[in-house]
Amino acid sequence: MSALGKLFRATAFKLSLVYLVVFTIFAFFLLGYVAWNTRRVLTDQIIGTIEAEITGLEEQYRLGGLRRLVTIVERRSRQPGASLYLVTTPTGERIAGNVGSLAPGTLDESGWKEIAYGRNEESDATPHSAIARIYILTSGFRLLVGRELEDRARLREVIWRAFGWSLLLIVVLGCAGGWFVTRRVLKRVDAMTETTRTIMAGDLSGRLPVGGADDELDRLAQNLNAMLERIGELMAGMKEVSDNIAHDLKTPLTRLRNKADEALRTAHTPEEFRAALEATIEESDNLIRIFNALLMIAHLEAGNARETMADFDAADVARGVAELYDALAEEAGVILDVSVDEPLPVRGSRELLGQAVANLVDNALKYGAPRAGASAGPITVSATRDGDYAVITVADHGPGVPEADRGRVLERFVRLAAARTRPGFGLGLSLAAAVARLHGGALRLGDNAPGLRAVLSVPMRGGQPSPLREDGAPREDAERMGQLPSATQGQPV
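Residues numbered from 1 in each chain as written. Predicted model: local features only at pLDDT ≥ 70, side-chain atom pairs only at ≥ 80, totals over all residues. Heavy atoms only, no water.

Caption draft 1: Local environment of the overall build of the chain. Counting its secondary structure elements, the chain contains 10 helices and 13 strands. Looking at the chain as a whole, 38% of its 493 residues are labelled buried. Taking as baseline every contact in the chain between residues at least 6 positions apart, the subset at least 24 positions apart corresponds to 64%. Accessible area for the chain stands at about 27,900 Å²; split by element, carbon and sulfur atoms hold 57% of it. (Helix = DSSP H or I, 4+ residues; strand = E, 2+ residues; numbered from the N terminus. Buried < 20%, exposed > 50% of the residue type's maximum accessible area, 1.4 Å probe, protein only. Contact = heavy atoms within 4.5 Å. Areas by Shrake-Rupley, 256 points an atom, 1.4 Å probe, with all protein chains shown as cover.)

So this is what it looks like as structure tokens:
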């Protein structure tokens, strides 16, 4: 398409033409209204002048009769710029005045009329227009007083000429302005189009240019850039999940295959085969838990779990998880200290938040439990209010996490060297962080001096909650979908 064709097809150019037509119509009616009002004012002035002259001449006729009226009319007729005067007999014969000829029947009836007349001094009978009043005197004589309409005609001519030039100027300036505006808009749209082509070609790092004027195109570009950022994050998350499945699950799958191969080679009795099958089933269950955790983390990071949101009390969730792990803590020889403020109303998924807190408590039990010949401090679980946020804190007195690794351990499958001897897959903190982000909050790791202090904060209802659906899916539905093992199962990931 040629540049001129693009210009004519552009929405900005079409809008400019529409504005031009609307403005032209508006100018036409405005000038017409001004012309009509001016014409009306001039006509009123003419009528007022004629009325005054008729009144004066009638008074003179009453005082001095026809002779005095004729004398005055003759005198006024000879003055420069005089009005139109005519005195005739009842039969229409001219007695005095400066009107040479009239159309037949003009003087038959009294009243206001627009007449065509000829002047005395003109040899030809060129017609002129005037507005006049015919007045019938008591003796039957006719008196005509009028004013020419040339001024009104000249005014109309001036107005139409001004309208023509104004219309031409409006069209020229409108087209020039439309071309200028369209060129600017097309330049920005073409830049956006070029960027979108690079993005469609596979370069997701491309972003639409923002001019800085904060106009509608800038706002559109900013929103689209934010959308591209989110798409990039989701694509990176999908790639990361794919990489995790391709690399981090290779070891447990290899181990599962080796166990099955070893059973085929070494097992001879039913008991040995049974033990091999049980080990295979256990390894398969671990793989299923890993897949479920990975899928749920990706599900949460994509924001697709919002349909299960409802109002609930975060303090009740923290207390319930602590009661769930109380027996395990007692078995591990650790005191589980619970401190909960009530109430802490939040909006979100009770099951997901419970799973996140359960993962934090499970980590604390794994790494905060006393080792042989040593004692450990208590594990504290607290739920408090901090401004507009509900804060659930799980603190232990284990080895803790070095400050340099606190951000890294929130990633999938990241396990520090000291944790590789403990059960788990390095997904628990990743899941807890994803749950916090889904609820508009965050998971922060700190030093408990000694030990690890995990702080999970989510907005309280009435603070800045996420815009979620009022009704929540029942807990059984979430577990039945196989997205994640229930928090009541207590399975570490």
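We are not done yet, so read on.
Caption draft 2: Fine view of the environment of Leu 144. Among the structural elements, Leu 144 can be located in strand E6 (residues 142–148). You can call Leu 144 buried: its relative accessible area is 0%. For the pair Leu 144 and Ser 110, spaced 34 residues apart in sequence, the C-alpha to C-alpha distance is 9.1 Å.

Caption draft 3: Molecular detail of the packing of helix H8 (residues 350–368) against helix H9 (residues 428–438). Between H8 and H9, the shortest axis-to-axis distance is 9 Å and the interhelical angle comes to 145°. At the point where H8 passes H9, the crossing takes the left-handed sense. On H9, the residues that touch Leu 352, Leu 353, Gln 355, Ala 356, Asn 359, Leu 360 and Asn 363 of H8 are Gly 428, Leu 429, Leu 431, Ala 432, Val 435 and Leu 438. Its residues assigned to classes, the contact of H8 with H9 shows 9 nonpolar, 4 polar and no charged. (Axes fitted to C-alpha atoms, helices over the stretch in contact; angles between N-to-C directions. Left-handed = near helix turned anticlockwise from the far one by under 90°. Nonpolar A, V, L, I, M, F, W, Y, C, P; charged D, E, K, R; others polar.)

Caption draft 4: Structural context of a nonpolar patch on the surface. Together, Phe 23, Phe 26, Leu 30, Tyr 33, Val 34 and Trp 36 give the surface a local cluster of nonpolar side chains, amounting to about 670 Å² of exposed area. Counting through the fold element by element, Tyr 33 comes out in helix H2 (residues 11–77). You can call Tyr 33 exposed: its relative accessible area is 51%. (Patch = residues over 30% accessible without salt bridge, like charges linked within 9 Å, V, L, I, M, F, W, Y side chains within 5 Å. Salt bridge = Lys/Arg side-chain N within 4 Å of Asp/Glu carboxyl O.)

Caption draft 5: Broad picture of the sheet that holds strand E4 (residues 111–119). In spatial order, the strands read E2-E1-E6-E5-E4-E3; together these 6 strands make up an open sheet with antiparallel pairing. Each edge of the open sheet carries a strand with a single partner, namely strand E2 (94–97) and strand E3 (99–102). With direction set aside, neighbouring strand axes in the sheet form an average angle of 40°. In terms of strand pairing, E4 meets strand E5 (residues 128–136) through 7 bridges, oriented antiparallel. From the neighbouring strand, Glu 114 faces E5, where its bridge partner is Ile 131. (Pairing = 2+ DSSP bridges.)

Caption draft 6: Expanded view of the pattern of salt bridges. For the structure on display, the rule yields 13 salt bridges. Between Asp 261 and Arg 265 there is a salt bridge, with the nearest N and O atoms lying 2.9 Å from each other. Residue Asp 261 and its partner Arg 265 are both found in helix H5 (residues 250–266); the two are separated by 4 residues, about one turn of the helix. What emerges from the salt-bridge pattern is a single network uniting Asp 316, Arg 319 and Arg 350.

Caption draft 7: Spatial organisation of the environment of Thr 182. Tracing the backbone shows Thr 182 in helix H3 (residues 150–200). Take Thr 182: its relative accessible area is 0%, and that puts it in the buried class. Along the backbone, Thr 182 and Lys 14 are 168 residues apart, and their C-alpha atoms lie at a distance of 9.1 Å.

Caption draft 8: View of the pairing of E6. The buried fraction of E6 is high, at 5 of 7 residues. Looking at chain direction, strand E1 (residues 84–88) and E6 are connected through 5 bridges and run antiparallel. Each residue of the ladder has a partner; that of Leu 86, found in E6, is Leu 144. In this structure, E5 lies alongside E6, joined through 7 bridges in antiparallel fashion. Pairing of Ala 130 across the sheet is with Glu 148, part of E6. Joining the antiparallel neighbours E5 and E6 is a turn of 5 residues, in which Gly 140 adopts a positive phi near 95°.

Caption draft 9: Quick peek at H8. End to end, H8 covers 26 Å across 19 residues, agreeing with the expected 27 Å (1.5 Å per residue, within 8%). For H8, the tally of buried residues reaches 16 of 19 residues, placing the bulk of the element in the interior. (Expected span 1.5 Å × (residues − 1).)

Caption draft 10: Representation of H3 within the structure. Between the first and last C-alpha of H3 there are 72 Å, a value that for 51 residues agrees with the 75 Å anticipated at 1.5 Å per step. Of the residues making up H3, those classed as buried are Arg 152, Ile 159, Phe 163, Ile 170, Gly 178, Thr 182, Leu 186, Met 192, Thr 195 and Ile 199. Count one or two residues on from H3 and you reach Gly 202, which has phi positive near 120°.

Just geometry here; none of it tells us what the structure is for.
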